[in-house]
Amino acid sequence: MKEKVCNKVAEIFEEISYEQIYEMMEIPTDEKMGDYAIPCFALAKLWHKNPVLIAKEMKEMLEPYSEELGIEKLENVGGYCNIFVNRAKYVEAIMEQMQQDFGVKKSGIGKTICMDYSSPNIAKNFHVGHLRTTIIGNSLYKLHEKQGYQVVRINHLGDWGTQFGKLIVAYKNWSSKEAVEENGIEELMRIYVKFNTEKDVHPELMEEARAWFVRMEQNDEEALAIWNWFKEISMVEYERVYKLLGVSFDSYIGESFYRDKVPALVAELEEKGLLKESQGAKIIDLSEYDMAPCLITKSDGGSIYHSRDIAAILYRKKTYDFEKCLYVTGSEQSLHFKQVFKAIELMGYEWHDSLVHVPYGLVSLEGAKLSTRTGNIVYAEDILKEATERAMKAIQEKNPNLPDKETVAKQVGVGAVIFHDLYNQRIKNVNFSWDEVLSFEGTTGPYVQYTYARAKSILRKCGGMQEMTSIDYGALTDDISFTLVKTLLGYEEAIANAVERYEPSVVARYLIALATAFNRFYHECPILQADETKKQARLLLVDMVQQVIKDACGLLDMECPEEM
Ligand code: ARG
């Protein structure tokens, strides 16, 4: 309808384009001011005319077309032309539009997006920060896929670097095959911490560690075998977390894959005159751009995080010909990505602006900052398990006869953690507080899931949705039902907005708005007791709401139990 009105306005007033008027049109916050409003102030400036007069003219010109545009009435308030839609017609149009995959525009068809997220560091625990990149990245993947994009999900494992030399030395001195096999990453972390304290007393340890890493870089069999084994041990633990979250990847090609691609990169940079020597290391000077230099090789010639990332970009571009490549990491890596993207730009690749860093804020637990160094480590797996246990306890208290309690507890517990992570703007720091995460009221995952289960329960009580031949949409024109219908229409916009800003929180917030509008409808508009016409129309609305909740939760990768 908005499109129709804009077309008409552009037709009547030749000086205004369709796009201009589309941009201008507002949805008034107060429904008494109409369903749409055209503010005429910008036009007044343009035409040197009183906005009140323009608004009046606008109203008079549109009035004859009311019927054809689906307008109920037009009103002038100040410089606004307010539009009240014909509700029954409008509801019918929205419900029809929702039938086609909720009106989602498939703007990504034929385009490939690479997404680099999760990417934990081998031999280190999968902590709450990695949980965030995994959850945000996974949701961005689902959102893009919804719009038709082909998404390549890349887990750029941190599986190369001098720390592995240290780990090998530590392993040889203070651990054993059995201990690592039994305690996994915890044992690797223990000996890594021990190495870091011991090296202060025994500096020769550092020499040994360096030597082991050199052996790794020279493809020494023993060194690589130990490294590979550490990697396997770590992967088993990461996979457990991924399984709990229901997350998977298309590629696990990590940093180690790019180490032998760096010499070609060095040659290219040299040829393009971009490399400088600095104390034996090779760097790209970025002082002109107010940035610290981008290190390419260390003084021993080895690759580093930056150069492996640059090599990865070139490889991905060649392999996937991406339209965009997104990186979801903590905001503390912003400078790193600025440097790396700048390097690509200086190399003359005009597609450099298709590289996007998507940063997120820090996570703290009940107010305490988390850090490996201070020993305040929280394993992601423990959080997911504890959430599940707490959900189980709540079920035992509130609904002990619920079938398949274990599955529901997992869906609610994990869903709660996911939703909590995605509800706030990603750049904001997150404080993880148990009471907040698992509450059944307020802006939480369980609240949304509960709303879904409620809608499903209504449908079950009516024996499911029947074939309906004719629906009286007039039965959905009261203020509360109409608001709910309009909220449904907002789903497409929420998705588009979330994709445009790489911001899943838009969808999480949309879900809360929808759940709130639905619960109000549920309390104020009886369904089962209503007369047959109203009942049918209201059921149709309930059915559409549950479909949208489930679909939107899917975009956050949150499951919806049928009963709670
Ligand atoms: N492994 C890094 C970390 O845990 C994240 C890697 C992000 N991706 C990348 N291409 N640099 O902090």
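Residues numbered from 1 in each chain as written. Predicted model: local features only at pLDDT ≥ 70, side-chain atom pairs only at ≥ 80, totals over all residues. Heavy atoms only, no water.

Asks: Honestly, the overall build of the protein in this entry has me stumped. Any pointers?
Replies: Broken down by element type, the protein carries 22 helices and 13 strands. Dimensions of the protein along its principal axes, counting C-alpha atoms only, are 90 × 65 × 40 Å. The burial tally for the protein puts 54% of its 564 residues in the buried class. Long-range pairs, those at least 24 residues apart, make up 73% of the contacts in the protein between residues at least 6 apart in sequence. Averaging the locations of the 65 positively and 87 negatively charged side chains of the protein gives two centres separated by 2 Å. (Helix = DSSP H or I, 4+ residues; strand = E, 2+ residues; numbered from the N terminus. Buried < 20%, exposed > 50% of the residue type's maximum accessible area, 1.4 Å probe, protein only. Contact = heavy atoms within 4.5 Å. Lys, Arg positive; Asp, Glu negative; His and termini not counted. Charge placed at Lys NZ, Arg CZ, Asp CG, Glu CD.)

Asks: I keep staring at the side chain of serine 139 and nothing clicks. Help me out?
Replies: Mapping serine 139 onto the fold places it in helix α7 (residues 128-146). When neighbours within four sequence positions are excluded, serine 139 is seen to be in contact with Leu422, Pro504, Leu555 and Leu556.

Asks: What exactly am I supposed to notice about the sheet that holds strand β3 (residues 80-85) here?
Replies: The strands making up a sheet are joined through hydrogen bonds of the backbone, oriented either antiparallel or parallel. What the three strands build is an open sheet, ordered β1-β3-β2; its pairing is antiparallel. The open sheet terminates on both sides in strands that have one partner only, identified here as β1 (36-39) and β2 (71-77). Ignoring strand direction, the axes of neighbouring strands in this sheet form an average angle of 20°. Two strands pair when backbone bridges link them, and β2 and β3 are joined in this way by six bridges, in the antiparallel orientation. (Pairing = 2+ DSSP bridges. Axes fitted to C-alpha atoms, helices over the stretch in contact; angles between N-to-C directions.)

Asks: Help me out: how do you make sense of the pattern of salt bridges in this one?
Replies: If you walk through the whole model with that rule in mind, you get 39 salt bridges. Across the pair aspartate 479 and arginine 87 runs a salt bridge, and its minimum N-O distance is 2.9 Å. Taken together, the positions of aspartate 479 in helix α20 (residues 479-500) and arginine 87 in helix α6 (residues 87-99) put the pair 392 residues apart, joining distant regions of the chain. Judged by its relative accessible area of 23%, arginine 87 is partly exposed. (Salt bridge = Lys/Arg side-chain N within 4 Å of Asp/Glu carboxyl O.)

Asks: In this structure, what is going on with helix α16 (residues 380-398)? I would like to understand it.
Replies: Given 3.6 residues per helical turn, the α-helix brings residues three or four places apart onto the same face. The end-to-end C-alpha distance of α16, which contains 19 residues, comes to 27 Å, matching closely the 27 Å that a straight helix rising 1.5 Å per residue would cover. Where α16 is buried, its residues contact α7, α12 (221-245), β11 (363-365), α17 (405-423), β13 (430-432) and α18 (434-438). (Expected span 1.5 Å × (residues − 1).)

Asks: Just to check I follow, could you spell out the sheet that holds strand β4 (residues 112-116) for this structure?
Replies: Overall, parallel pairing links the four strands, which are arranged β5-β4-β9-β10 in an open sheet. A single partner strand is all that each edge strand has here, and the edge strands are β5 (150-154) and β10 (355-360). Averaged over all pairs of adjacent strands, the angle between strand axes in this sheet comes to 20°, irrespective of strand direction. Judged from the six bridges that link them, strand β9 (residues 324-330) and β10 form a sheet pairing that is parallel. Bridge pairing in β10 links cysteine 325 to leucine 355.

Asks: I tried to follow the site of the ligand on my own but got confused; where do I start?
Replies: In the vicinity of the ligand, the residues found are Asp116, Ser119, Asn121, His130, His156, Tyr305, Asp309, Tyr327, Thr329, Gln333 and Phe337. Aspartate 116 is positioned with one of its side-chain polar atoms (N or O) 2.8 Å from a nitrogen atom of the ligand. Separating a nitrogen atom of the ligand from a backbone N or O atom of serine 119 is a distance of 2.8 Å. Those elements giving two or more residues to the shell around the ligand turn out to be α14 (305-320) and β9. Looking at side-chain class alone, the shell around the ligand contains three nonpolar, six polar and two charged residues. (Near = heavy atom within 4 Å. Polar contact = N/O pair within 3.5 Å; in protein donor to acceptor, adjacent residues only side chain to side chain. Nonpolar A, V, L, I, M, F, W, Y, C, P; charged D, E, K, R; others polar.)

Asks: Sorry if this is basic, but what is going on with the pairing of β10 here?
Replies: It is a general feature of regular strands that their side chains alternate between the two faces of the sheet. Of all six residues making up β10, six are buried, and the element is well covered by its neighbours. Here β10 shows no split at all, with Leu355, His357 and Pro359 on one side and Val356, Val358 and Tyr360 on the other all buried. Handedness of the crossover joining β9 and β10 through helix α15 (residues 334-346): right-handed. (Right-handed = clockwise from strand over helix to strand, strands pointing away.)

Asks: I keep staring at the packing of aromatic side chains and nothing clicks. Help me out?
Replies: The way to describe two aromatic rings as a pair is by their centre distance and the angle between their planes. For the structure shown, the criterion picks out 28 aromatic pairs. Judged by centre distance (5.6 Å) and plane angle (75°), the rings of phenylalanine 102 and tyrosine 491 are edge-to-face. Residue phenylalanine 102 is located in the loop between α6 and β4, and its partner tyrosine 491 is located in helix α20; the two are separated by 389 residues in the primary sequence. Comparing phenylalanine 102 with tyrosine 491 shows no difference in burial state: the two are buried. Linked through ring pairs, Tyr117, Phe126, Tyr238, Tyr242, Phe249 and Tyr252 together constitute an aromatic cluster. (Phe/Tyr/Trp six-rings, centres within 6.5 Å; stacked < 30°, edge-to-face > 60°.)

Asks: Mind showing me how you'd approach the side chain of aspartate 557 here?
Replies: Along the chain, the position of aspartate 557 falls in the segment after α22 (532-556). Leave out the neighbours within four places in its chain, and aspartate 557 touches Asn138, Lys142, Leu245, Gly246, Val247 and Ile418.

Asks: Would you mind going over α22 with me for this structure?
Replies: Between the first and last C-alpha of α22 there are 36 Å, a value that for 25 residues agrees with the 36 Å anticipated at 1.5 Å per step. Aspartate 557 occupies a position one or two residues after α22 and carries a positive phi of about 65°.

Asks: I tried to follow the packing of α6 against α22 on my own but got confused; where do I start?
Replies: One way to put it is that α6 packs onto α22 with a least axis distance of 12 Å and a crossing angle of 40°. Accordingly, the angle class assigned to the pair α6 and α22 is oblique. With respect to the hand of their crossing, α6 and α22 are arranged in left-handed fashion. Along the contact surface, α6 presents Met95, Met98 and Gln99, while α22 presents Leu540, Leu541, Met544 and Val548. (Parallel < 35°, antiparallel > 145°, perpendicular 65-115°, else oblique. Left-handed = near helix turned anticlockwise from the far one by under 90°.)

Asks: When you look at the environment of phenylalanine 195 in this model, what are you seeing that I'm missing?
Replies: Following the sequence through the fold, phenylalanine 195 ends up in helix α10 (residues 185-201). For the pair phenylalanine 195 and alanine 209, spaced 14 residues apart in sequence, the C-alpha separation works out to 9.8 Å. Excluding anything up to four places from it in sequence, phenylalanine 195 contacts Lys166, Val169, Ala170, Trp174, Leu205, Met206 and Ala209.

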